[in-house]
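Structural description and commentary
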Amino acid sequence: MQPLVQVQHLHKRFGDFTAVNDLSFSVYAGDIYGFLGQNGAGKSTTIRMLLTLVAPTHGSIEMFGYQLPAHRNEILRKIGAIIERPDAYKYLSAYDNLQIFARLSGIKPTPKMLMEQLEKVGLAARAKSMVKTFSQGMKQRLGIAIALIHDPQLIILDEPTNGLDPQGIADMRHLIIALRKEHKKTVIVSSHLLNEIEQVATRMIIIDKGKKVTEGSTQELFDPANTVVELQTGDEHAVEKIQASAWSHCMTATEDGLLFQIRADDVPQLAKDIVALDIPIEQFSKRHSLETLFLQLTGH
Amino acid sequence: MVYTLLKVELYKIFRKPRTYIGFIAIAVIVALIQLALKADGPTWIKLMFNGMDDMFAIQDGNVLNGYFVCFLVLNTLLIQVPLLVALVTGDLVAGEANAGTLRLLLTKPIGRSYVLLAKFLAGLVYTFILLVWMAILALFLSMLLFGTSDLLVNKSYTIIQFFVDSEGDDVFWRFVAAFAFAYAALASVAALSFMLSVFAENSIGPIVSTMSVIIVCTIISTMDLPLFTQINPYLFTSYMTAWKGMFNMAVDANGAAIRGSVYSTAALAKAMAILLGHCILFFGIALYAFRKKDILS
C-alpha cells in the first residue's frame with residue numbers, strides 16, 4: 001500500500017542545535033498515527049515541517065503522492081491542522097473565524113454550512129460571540145471546526161489536549177477515534193502524554209532528541225510478554241508469601257510496591273493467586289505498557 | 001486569491017479596536033486646531049505673518065480661511081501620523097505571530113508571497129483611508145467652517161499668495177497633490193513598519209523601531225554636517241515633507257510668480273521616486289525574509 005505521508009531522512013538544524021536528526025516514517029490511509037516523545041524531542045518541529053511552517057535542512061517529504069515544497073498548495077488543501085494552541089482571531093466571532101478560514105482553505109461556505117459545522121462542535125449557540133470570551137475548551141472546539149471545515153483527508157493535531165480539562169481530553173480522544181472510524185480520515189496526533197496516544201493510536205513513532213527510536217503498529221510495539229502489574233498491600237509478609245509461590249521469579253519488590261513482569265493474559269490468574277495467598281490488596285493495577293516501552297527505549 | 005485575502009485582511013484590520021485610535025486622534029487634533037482658530041485665529045495670524053498679511057489683497061480679507069487651516073493642520077499633524085500608521089501596519093505580521101494565528105494562516109493552501117502581499121496592500125489601504133479621513137476633516141470641514149479664499153504661505157521669510165478668484169482656484173488642486181505626496185511619505189512609513197513586523201514576534205517592537213528610525217533619520221536630515229548631507233538625499237525621511245513643494249510657485253524671467261505652477265517639478269518627481277523606491281525596497285526585504293522564515297511562534 002502506498003503511504004499517505006512518507007518522510008525520508010528529515011533533518012532540521014537551528015544554528016548548532018539539531019532538532020530533528022535523520023527522521024524517516026510513513027503514515028498510511030486510515031491510520032491514527034501517534035507521534036510520541038518528551039517535550040523538546042522534535043515532534044512539533046517535524047509537524048511544522050509537514051505543514052511547511054518550518055523548512056527542513058534536508059530530507060524529503062511526500063504527501064498524497066506529491067513532493068513538498070513543490071506541491072505545497074495541493075497538499076495543504078487536503079490537510080486540516082491544530083498546532084499546539086487552537087488560536088483564532090480573538091476580536092472576531094466564532095462564525096467570522098470559521099468563515100475566514102473556510103475561504104482561505106479554498107471553499108465558498110454558505111451560512112448553513114458554517115452553522116452546521118459550529119453545531120457539530122457544540123458552538124452554534126455562541127456563533128456570534130467574540131472568541132476572546134471563550135474558554136480553552138471552546139477555543140479547542142472552534143479549532144477543530146476550522147480544521148475540518150474543508151473536509152480534509154488528513155488531520156494533524158499537535159498536542160491537542162494541551163490546556164484541556166479531563167472532560168475536554170476525553171472529548172478529544174473520542175473525536176480522534178470518530179474521525180477515523182466514522183469519517184474515514186487519517187489522523188496524525190502528537191503528544192507527550194503516553195496515556196493519550198496509547199488509547200487512540202493504531203500506529204506510532206517514538207522519537208527522542210530528534211531521532212526515531214521505534215515505529216510500528218500498536219500491536220507490534222507492545223510486547224504482551226512484558227506487561228507490568230503493580231501491587232500495593234499493607235501485608236508485611238507479602239514478599240515472603242509470593243516468594244514461596246509460583247510467581248516468585250517475576251516479582252520485584254520496590255519502594256512503590258511489588259512489581260510483576262508477566263504476560264498480559266496471566267494477569268487474571270495472578271489476581272486470583274494473590275487473593276488465595278491471603279494478601280490484602282490496596283491497589284492492583286497494570287502499568288501503562290506504553291510508558292514501560294517508552295522508558296525502556298529512551299532510557300529516561 | 002490576493003483579492004480574497006485582501007478583503008479578509010481589511011475585515012480584520014477594521015474589526016480591531018486599535019485601528020480606530022488613529023481616526024479618533026486625528027479627529028481630536030483637527031477639532032482642537034479648528035476650535036482654537038475659530039476662537040482666536042485673527043490674533044494668531046497677525047503674529048505669524050508679523051502683520052504683513054494686511055499687505056496682501058485677499059478676497060473678503062479672509063486670511064483665516066479653510067485652505068489656510070488645512071495647511072496648518074498638515075504642517076502640525078503629518079509629524080504625528082507616522083506613529084498612527086505604524087500602530088496598525090507594525091501589527092500586521094507580528095501581531096498575528098504573537099496571537100498564534102500566523103501559523104494557522106500559513107497552513108492554508110495559499111502561497112506566503114500572496115499572504116504577505118495582501119497584508120501589505122491592506123496596510124496601504126488603511127493608510128489611504130486614514131489620510132482621506134484627515135483630508136475630510138482638515139480640508140473639507142475647514143472649507144465648510146472657515147470658507148475658501150486665497151492662501152498665504154510663509155516660506156523662508158517670504159509670503160507666497162495662491163489665488164482663488166474669477167480666473168479659478170489655484171489652491172484646491174495643490175492640496176490634492178499635497179495629500180498624494182503625503183500618502184507616498186506615509187506609505188513608506190507603512191512599508192518600513194511592515195518590514196520590521198516580519199522580523200518580530202509582537203507588535204511593540206516594530207512600532208517603536210519605526211518611530212526610532214524616523215527620529216534618527218530626521219535628526220540626520222536636519223543636521224547640516226558634511227557626512228549627513230551626503231546621505232540625506234537617499235533617506236526617505238528627507239522627503240516626508242515633500243508635499244510642501246506643492247505650495248511653492250515657479251517664477252518667470254521677470255521674477256513674477258507663475259500661477260498654476262510649482263517651483264521644481266524635477267525635485268517633486270525625485271521625491272516621489274525615492275519615496276516609492278523605499279516602499280518597494282522595504283516590501284522586497286520583507287518578502288524575502290518572510291518566504292524564508294521558520295514559523296516557530
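Relevant structure appears above.
A brief structural summary. These numbers come from a predicted model, not from an experiment. (Residues numbered from 1 in each chain as written. Chains lettered and ligands numbered in written order. Predicted model: local features only at pLDDT ≥ 70, side-chain atom pairs only at ≥ 80, totals over all residues.)

What follows deals with the overall build of chain A. Along its length, chain A carries eleven helices and 14 strands. Here chain A, with 300 residues, has 39% of them falling under the buried criterion. (Helix = DSSP H or I, 4+ residues; strand = E, 2+ residues; numbered from the N terminus. Buried ≥ 20, exposed ≤ 12 C-beta atoms within 10 Å, placed from the backbone.)

Turning to the interface of chain A and chain B, a few remarks are in order. With 23 residues of chain A at the contact, the number on the chain B side is 18 residues. Of all elements in the fold, only helix H2 (72–76), strand S6 (79–83) and helix H3 (94–104) of chain A reach the threshold of two or more residues within the side of chain A that touches chain B. Top contributing element to the side of chain A that touches chain B by residue count: H3 of chain A, with four residues. Its residues placed into classes, the side of chain A that touches chain B shows 14 nonpolar, three polar and six charged. (Contact = placed C-beta atoms within 7 Å. Nonpolar A, V, L, I, M, F, W, Y, C, P; charged D, E, K, R; others polar.)

In this sheet, strand S10 (residues 211–217) of chain A lies alongside strand S9 (residues 203–208) of chain A in antiparallel orientation, the contact comprising six bridges. From the neighbouring strand, Ile206 of chain A faces S10 of chain A, where its bridge partner is Thr214 of chain A. (Pairing = 2+ DSSP bridges.)

What follows is about the packing of helix H3 (residues 66–77) of chain B against helix H7 (residues 112–146) of chain B. All names here are of chain B. One way to put it is that H3 packs onto H7 with a least axis distance of 7 Å and a crossing angle of 150°. Comparing their axes, H7 and H3 come out roughly antiparallel. In this structure, the crossing between H3 and H7 has a hand that is right-handed. Facing Gly66, Val69, Cys70, Val73, Leu74 and Leu77 of H3, the residues of H7 in contact are Met134, Ala138, Leu139, Ser142, Met143, Leu145 and Phe146. Residues that form the contact of H3 with H7 fall into these classes: eleven nonpolar, two polar and no charged. (Axes fitted to C-alpha atoms, helices over the stretch in contact; angles between N-to-C directions. Parallel < 35°, antiparallel > 145°, perpendicular 65-115°, else oblique. Left-handed = near helix turned anticlockwise from the far one by under 90°.)

Formed by 156 residues in total, the largest nonpolar core has its most connected members in Leu98 and Ile156 of chain A together with Ala182, Ala185 and Leu186 of chain B. Per-element accounting of this core gives the leading share, 18 residues, to helix H8 (residues 172–198) of chain B. Aside from chain neighbours lying at most four places away, what touches Leu186 of chain B is Val81, Pro82, Val85, Thr127 and Leu131 of chain B. Counting ten residues, the second-largest nonpolar core is a separate cluster that includes Ala238, Ile242, Leu258 and Phe260 of chain A. (Core = buried A, V, L, I, M, F, W, Y, C linked by C-beta atoms within 7 Å.)

Quick look at unusual backbone geometry now. Residues and elements named next belong to chain A. Across the junction of Leu68 and Pro69, the peptide omega takes the value 0°, indicating a cis bond. Locating Pro69 in the fold gives a position in the loop between strand S5 (66–67) and H2. Even without being a glycine, Glu84 presents a positive backbone phi close to 55°. Examined against the element boundaries, Glu84 turns out to sit in the loop between S6 and H3. Classification of Glu84 as partly exposed rests on a count of 18 C-beta atoms within 10 Å. Phi is positive for Asp278, close to 65°, though the residue is something other than glycine.

An α-helical turn contains 3.6 residues, so a residue and the one three or four places further along point in the same direction. Residues and elements named next belong to chain B. The terminal C-alpha atoms of H3 lie 16 Å apart, and with twelve residues this matches the ideal 16 Å at 1.5 Å per residue to within 8%. Along H3, the residues that are buried comprise Gly66, Tyr67, Phe68, Val69, Cys70, Phe71, Val73 and Leu74. Tucked into the core, H3 has its buried residues touching helix H2 (19–48), H7, strand S1 (151–155) and H8. (Expected span 1.5 Å × (residues − 1).)

The values reported here are purely geometric and, on their own, carry no functional implication.
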